[in-house]
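Descriptive structure summary
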Amino acid sequence: MAPVTNARVIFNSVPEGYPEPGKTTVYDTTQTIDLDIAPLNGGVLLKILEVSVDPYLRGRMRAPTKKSYSPPFTLGEPIANYVVAVVVKSEKEGFKKGDHVYGFLPFANYTIVTATEQLRILDNKHNLPWSVYVGAAGMPGKTAYMAWKEHSYAKKGETVYVSTGAGPVGSLVIQLAKQSGCRVIGSAGSDEKVAFMKECGADVAFNYKTESVRDVLEREGGIDIYWDNVGGETLDAALEFSKLGGRFIECGMISGYNTGGTVTKNLFHVVAKSLSIYGFIVSRLYEKYETQFYEEVPQLLAEGKLKYSEHVWEGLDKAGEAILAVQKGTNKAKAVVKVAQE
């Protein structure tokens, strides 16, 4: 077989604000791969099918001198995230042609993996679309499921506020909170997203662009648990209207990702109200909850007992657009780039 194009999405420059398609990331088609003779070195050759686009990717688009919990992307090399791929060829015991796998891999058409211990073979016995395994049945779903179990200490009748409540994490948190017997308030940035939060069971769902977070939280009598995806003014409002002994689950702070950060003014409420703040990185919870997650969540999604929604970009060349949309909040649902059909 003649070599085929192995398109990639390259980290081209460190953004000063929002990541710009064609500048921050570049779609590159200069690399080729011969699928018949490419050396596997005891590993597997994978064809990438579905790529997840998530808010945290912005944090990896930084200079190597800036430290964080995850390493920066390398200039001139492909960006990477969680993907679903199919095995094309294998020299690794336990992996065979046609197996579908989940792992942290580059934005590319094909890749060769020798460190196969990071790959999870997906049995997909519930016949979910493969894209779901980078969303509600993937890292975003794990984020909601694991951190809710670990940090919410939810009691029946408590009030929960979820920001970015229509996203892949927030929408699942809404549903988990309802299953815990809680009353749920959700906010998002469009009327379409408000409708989805209502489908997920939110008792109060509002568009923060047309209605003040402070006004809603005051009107609804305060909150016991805040799931924070936003930070900034929304976090300030949650601190102000938290009840005594409230729990804050800090998942993300996207309001500051492209602006150099935000200022939180109401932190003294942590002292005055004896609040508990739980920050987390989901991978640190995998050992405790991952087996349980895969036993429960895919089945619940397949049965319709957990709802999800996707915004799919067709083609790897659209990855830059998807990344920018997630940072600006213009994506309509969980952002997925469909790289290829099988």
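Refer to the structure printed above.
Attention in this report is confined to the structure presented alongside it. It should be emphasised that the depicted structure is a prediction, and the values quoted were computed from it without experimental measurement.

The next thing to look at is the packing of helix H2 (residues 139-151) against helix H3 (residues 170-179). In helix packing, the relevant descriptors are the interaxial angle and the interaxial distance, both defined with respect to the helix axes. Two numbers describe how H2 lies on H3: the axes approach to 8 Å, and their chain directions differ by 35°. By crossing handedness, the relation of H2 to H3 is classed as right-handed. Across the interface between the two elements, Gly141, Ala144, Tyr145 and Trp148 of H2 pack against Leu172, Val173, Leu176 and Ala177 of H3. The residue makeup of the contact of H2 with H3, split by class, is seven nonpolar, one polar and no charged.

A few words now on the state of the cysteines. Among covalent bonds in proteins, the disulfide is the one between the sulfur atoms of two cysteines. Enumeration according to the criterion identifies zero disulfides in this entry. Cysteine cysteine 200 is unpaired, with the sulfur of cysteine 182 as its nearest cysteine sulfur at 16 Å. According to the relative accessible area criterion, cysteine 200 is buried, its value standing at 6%.

Taken as a whole and assessed by the stated rule, the structure comprises 16 salt bridges. Across the salt bridge formed by lysine 23 and glutamate 20, the nearest N and O atoms sit 4.0 Å from each other. A residue is classified by how much of its surface remains accessible, and lysine 23, at 47% relative accessible area, is partly exposed. Among the ionic pairs, lysine 142 bridges to glutamate 290, the shortest N-O distance being 2.7 Å. With a gap of 148 residues between them, lysine 142 in helix H2 and glutamate 290 in helix H8 (residues 286-302) connect regions that are remote in the sequence. Just as lysine 142 is buried, glutamate 290 falls in that class too. One network of salt bridges, with partners in common, ties together Arg183, Glu211, Arg219 and Glu220.

This paragraph deals with the sheet that holds strand E15 (residues 276-279). If you walk across this open sheet you meet the six strands as E12-E11-E10-E13-E14-E15, and the pairing is parallel. The open sheet is flanked by strand E12 (204-207) and E15, the only strands paired with a single partner. Averaged over all pairs of adjacent strands, the angle between their axes in this sheet comes to 15°, without regard to strand direction. Relative to the sheet, H2 contacts strand E10 (159-162), strand E13 (223-228), strand E14 (242-250) and E15, its axis offset from that of E13 by approximately 145°. The sheet strands contacting helix H6 (residues 232-240) are E10, E13 and E14, and the helix crosses E14 at an angle near 150°.

A few words now on unusual backbone geometry. Notably, asparagine 41 is not glycine yet its phi reads approximately 50°, a positive angle. Its place among the elements puts asparagine 41 in the loop between strand E4 (32-33) and strand E5 (44-52). For asparagine 124, which is not glycine, the phi torsion reads 45° and is therefore positive. Take asparagine 124: it is sitting in the loop between strand E9 (120-121) and H2.

Turning our eyes to something else, we now look at the packing of aromatic side chains. Tallied over the entire structure, the rule returns 11 aromatic pairs. For the pair tyrosine 161 and phenylalanine 206, a centre-to-centre distance of 6.4 Å together with 20° between the ring planes defines the contact as stacked. With tyrosine 161 in strand E10 and phenylalanine 206 in strand E12, the pair connects residues that are 45 residues apart, well separated along the chain. Accessibility expressed as a relative area gives 0% for tyrosine 161, which makes it buried. Assessed through its relative accessible area of 2%, phenylalanine 206 is described here as buried. Each ring, one from phenylalanine 293 and one from tyrosine 294, has its centre 5.3 Å from the other, and the planes form 85°; the classification is edge-to-face. Chaining the aromatic ring pairs together yields one cluster made of Tyr161, Phe206, Tyr226 and Phe248. The cationic tip of arginine 120 hangs over the ring face of tyrosine 294; the distance from NZ or CZ to the ring centre is 3.7 Å. Positioned above the aromatic ring of tyrosine 286, the side-chain terminus of lysine 142 is 4.7 Å from the ring centre.

Basis of the calculations
- Residues numbered from 1 in each chain as written.
- Predicted model: local features only at pLDDT ≥ 70, side-chain atom pairs only at ≥ 80, totals over all residues.
- Heavy atoms only, no water.
- Axes fitted to C-alpha atoms, helices over the stretch in contact; angles between N-to-C directions.
- Helix = DSSP H or I, 4+ residues; strand = E, 2+ residues; numbered from the N terminus.
- Left-handed = near helix turned anticlockwise from the far one by under 90°.
- Contact = heavy atoms within 4.5 Å.
- Nonpolar A, V, L, I, M, F, W, Y, C, P; charged D, E, K, R; others polar.
- Disulfide = S-S within 2.5 Å.
- Buried < 20%, exposed > 50% of the residue type's maximum accessible area, 1.4 Å probe, protein only.
- Salt bridge = Lys/Arg side-chain N within 4 Å of Asp/Glu carboxyl O.
- Pairing = 2+ DSSP bridges.
- Phe/Tyr/Trp six-rings, centres within 6.5 Å; stacked < 30°, edge-to-face > 60°.
- Lys NZ or Arg CZ within 6 Å of the ring centre and 35° of its normal.

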